[in-house]
Amino acid sequence: MNDIDRLRDLALSETGFLFDPYSGATFSLNPTAVTILRALRGSADRVAVLETLKREFDVQSADLEHDLDEFIALLRREGLVSREFGLS
Amino acid sequence: MSRDATTLRVAVTALNATDNPAPGVSVLRALRDAPGFRGRLIGLSYDALDAGLYARGLADAVYLVPYPSLGPAALLERLRAIHARDPFDVVLPNVDSELLSYLEIAPELAELGVGMYLPTREQLELRSKVHLEALGEQSGISVPRAATVSTAQELFKLHDRIPYPFFVKGTFYGAVLVHSLDEALAAFHATVAKWGLPVIVQQRIDGEEYDVVAVGDGEGGLVGAVPMKKTILTDKGKGWGGVAVKDPGLLDMTRAFMEATRWRGPCEVEVMKDRDGGYHLLEINPRFPAWVYMSAGAGHNLPWAVAQLAAGLRPERLEPYRVGTMFVRIALDQIADISDFEKIATAGELVREPSGEEEPS
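Here is a short report on the structure shown in this document. (Residues numbered from 1 in each chain as written. Chains lettered and ligands numbered in written order. Predicted model: local features only at pLDDT ≥ 70, side-chain atom pairs only at ≥ 80, totals over all residues. Heavy atoms only, no water.)

Topic: the pattern of salt bridges
For clarity, the cut-off: Salt bridges are counted wherever a side-chain nitrogen of Lys or Arg sits within 4 Å of a carboxyl oxygen of Asp or Glu. Helix and strand labels come from DSSP, where a helix needs a run of H or I of at least four residues and a strand needs a run of E of at least two; each type is numbered from the N terminus. The classification of residues rests on relative accessible area computed with a 1.4 Å probe and restricted to protein chains. Under 20% of the type maximum is buried, over 50% is exposed, and intermediate values are partly exposed.
Under the definition given, this model contains 26 salt bridges over all chains. Arg-38 of chain B is the salt-bridge partner of Asp-4 of chain B, the closest N and O atoms lying 3.3 Å from each other. Residue Asp-4 of chain B is located in the segment before β1 (9-13), and its partner Arg-38 of chain B is located in the loop between α1 (24-33) and β2 (40-45); the two are separated by 34 residues in the primary sequence. Exposure remark for Asp-4 of chain B: the relative accessible area of 34% places this residue in the partly exposed category. Note on Arg-38 of chain B: relative accessible area 59%, which makes it exposed. Across the pair Arg-32 of chain B and Asp-60 of chain B runs a salt bridge whose closest N-O atoms are separated by 3.3 Å. Taken together, the residues Arg-32 of chain B in helix α1 and Asp-60 of chain B in the loop between β2 and β3 (61-64) connect sequence positions 28 residues apart. For Asp-60 of chain B, a relative accessible area of 22% translates into the label partly exposed. Put simply, Arg-46, Glu-65 and Asp-69 of chain A are held in one network by salt bridges that share partners.

Structure, rendered in structure tokens:
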């Protein structure tokens, strides 16, 4: 299973509660993280993900890129994507 | 023997329910929840203070039976007496230490028309901690390195082969993690005092532990299985809460075990998933775990399937279990009358009268 399919398999509620059905782990996501995760589930293309985020948030591109990279690092650390996962 | 599954009369053992409970209460609850079930449930337990004896709405009658140490003849005599007054079609044993006795008396129980669905003596031996490493080699299942130890002297050089920290385990129960020779010697003597010889030393593998409750069909196939991740542990390391997960690797390992042993009946597969995603078989418990009620809660009622198989019936194909189903235990004070305790303590039985409540027409 590739990383994007793995992310699509996560159970994400409207409140930002996340359940990983493979490990049983649960997480609480803030609204920014929810938006990033939804964008990642739609595409592994970095430009496309950033474009989606720009439409949602009125902030500088540099801030969005920082948030995106930090979130991806968290996904790797929690084993929700592989260590090699990155955006093209 | 009754042929209508919903009217089966099922005897279930092991109603101890402390913070390290036996599986009996969970099995009874699963059977009580089976769709359309209107049969009779009989509890068999060892001690007059086993908490499950006093649980209302579970067993229609409960009886004390002799401890496994008294041997199969005493057990058979007691079961015959119970069966003569309160007949049952199947019995589901739930404790490791009683399985050999039940296997021993299986022919006599069959003559009474009582069925069971248990692994064979050979299968029990194959999965024992003593032989687990050999099973791994034979089946290709990854198993931690292990050694069978009968004297304390053997521990002095064992760390050359199995480095610290490692687990010191009893043949049936108990596991202590040790980090040095001093700790290993203390754990060895404590384990021998409690569970006898031999003692098993098992390599520790770092990772996340998962458990699978499963039922084998005796021909190498799987009747059903539910994998679970413990989410709450007691101070003894026992699961107090858990959640059903859908890791295909856990089910693959369970299928491989069933295929290698042609396991018949229930078991619990304990698996460690390491940080690289590898799966390692830690232990096979040859009976339902105490958390088996979650299988019924997840729509995959394994005790109900086993009760039907024990009766020689063919259960309907089990629905897939619901991933994300949780269990969280609770400690409750049950209220009983001293006369209930009196009946259990003096006559060894408590037969509950039907409540008399009728369904509204």
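Further notes follow.
Comments concerning the nonpolar core
The line we're drawing: By nonpolar core is meant a set of buried Ala, Val, Leu, Ile, Met, Phe, Trp, Tyr and Cys residues that side-chain atoms within 4.5 Å join together. Contact definition: two residues touch when any of their heavy atoms are within 4.5 Å.
Leu-44 and Tyr-102 of chain B are the most contacted members of the largest nonpolar core, which totals 89 residues. By residue number, the principal contributor to this core is helix α11 (residues 302-310) of chain B, which donates 6 residues. When residues no more than four places from it in sequence are discounted, the contact partners of Leu-44 of chain B are Ala-11, Val-12, Thr-13, Ala-14, Leu-15, Tyr-63, Val-65, Leu-79, Ile-82, Val-91 and Tyr-102 of chain B. Grouped together as the second largest cluster of nonpolar side chains are 25 residues, Ile-4, Leu-12, Leu-53 and Phe-85 of chain A included.

Some remarks on the packing of helix α2 (residues 31-42) of chain A against helix α4 (residues 61-77) of chain A
Residue and element names in this part refer to chain A. Our working rule: In this description, a line fitted to the C-alpha atoms serves as the axis of each element, helices being fitted only across the stretch in contact, and the angle between N-to-C directions of two axes falls anywhere from 0 to 180 degrees. Geometric relationships in this document are graded by angle, where less than 35 degrees denotes roughly parallel, more than 145 denotes roughly antiparallel, 65 to 115 denotes roughly perpendicular, and other angles denote oblique. Each residue gets one of three labels, nonpolar for Ala, Val, Leu, Ile, Met, Phe, Trp, Tyr, Cys and Pro, charged for Asp, Glu, Lys and Arg, and polar for the others, Gly among them.
With their axes 11 Å apart at the nearest point, α2 and α4 run at an angle of 80° to one another. It follows from the interaxial angle that α2 and α4 lie roughly perpendicular. Where α2 approaches α4, its residues Thr-32, Ala-33, Ile-36, Leu-37 and Leu-40 are matched on the opposing element by Asp-67, Leu-68, Phe-71, Ile-72 and Leu-75. For the contact of α2 with α4, a count of residues per class yields 8 nonpolar, 1 polar and 1 charged.

Concerning the packing of aromatic side chains
Residue and element names in this part refer to chain B. Here is the rule: By convention, a stacked pair of Phe, Tyr or Trp rings (six-membered ring in the case of Trp) has centres within 6.5 Å and planes under 30 degrees apart, an edge-to-face pair has planes over 60 apart, and any other such pair is tilted.
Going through the model one piece at a time under the given rule, you end up with 4 aromatic pairs over all chains. Judged by centre distance (5.6 Å) and plane angle (75°), the rings of Phe-37 and Trp-304 are edge-to-face. In this pair, Phe-37 is assigned in the loop between α1 and β2 and Trp-304 in helix α11, connecting sequence segments 267 residues apart. We note that Phe-37, like Trp-304, is buried. Ring centres 4.8 Å apart and planes at 25° place the aromatic pair Tyr-164 and Phe-166 in the stacked group. Accessibility expressed as a relative area gives 25% for Tyr-164, which makes it partly exposed.

Description of the environment of Asp-252 of chain B
All names here are of chain B. Residue position: Asp-252 is located in helix α9 (residues 248-261). Asp-252 gets classed as partly exposed once you look at its relative accessible area, which sits at 45%. With 27 residues separating them in the primary sequence, Asp-252 and Tyr-279 have C-alpha atoms 9.8 Å apart.

Overview of the environment of Phe-188 of chain B
Residue and element names in this part refer to chain B. Residue position: Phe-188 is located in helix α8 (residues 181-195). In this structure the C-alpha to C-alpha distance between Phe-188 and Ile-200, which are 12 residues apart in sequence, comes to 9.1 Å. With residues up to four places along the chain from it excluded, the contact list for Phe-188 reads Val-149, Ser-150, Thr-151, Ala-152, Leu-155, Val-168, Leu-197 and Val-199.

What to know about the pairing of strand β9 (residues 208-217) of chain B
Residue and element names in this part refer to chain B. Operational definition: Strand pairing is assigned whenever DSSP detects at least two bridges linking the two strands.
Of all 10 residues in β9, 7 are buried, a share of seventy percent or more. One ladder, built from 10 bridges, connects β9 with strand β12 (residues 264-273); its direction is antiparallel. Looking across to β12, one finds that Glu-208 is bridged to Lys-273. Where β9 and strand β10 (residues 222-233) come together, 6 bridges link them in antiparallel fashion. Considered in β10, the bridge of Gly-216 is made with Leu-222. Where β9 hands over to β10, the hairpin turn is made up of 4 residues, of which Gly-218 adopts a positive phi near 80°.

As for the sheet that holds strand β8 (residues 199-203) of chain B
All names here are of chain B. If you trace the 4 strands from one edge of the open sheet to the other, you get β5-β8-β6-β7, paired in antiparallel fashion. Bordering the open sheet on either side are β5 (146-149) and β7 (175-178), each of which pairs with just one other strand. In this sheet, neighbouring strand axes are inclined to one another by 25° on average, regardless of whether the strands run parallel or antiparallel. Pairing geometry for strand β6 (residues 166-169) and β8, over 4 bridges, is antiparallel. Residue pairing in the sheet places Lys-169 in a bridge with Ile-200 of β8.

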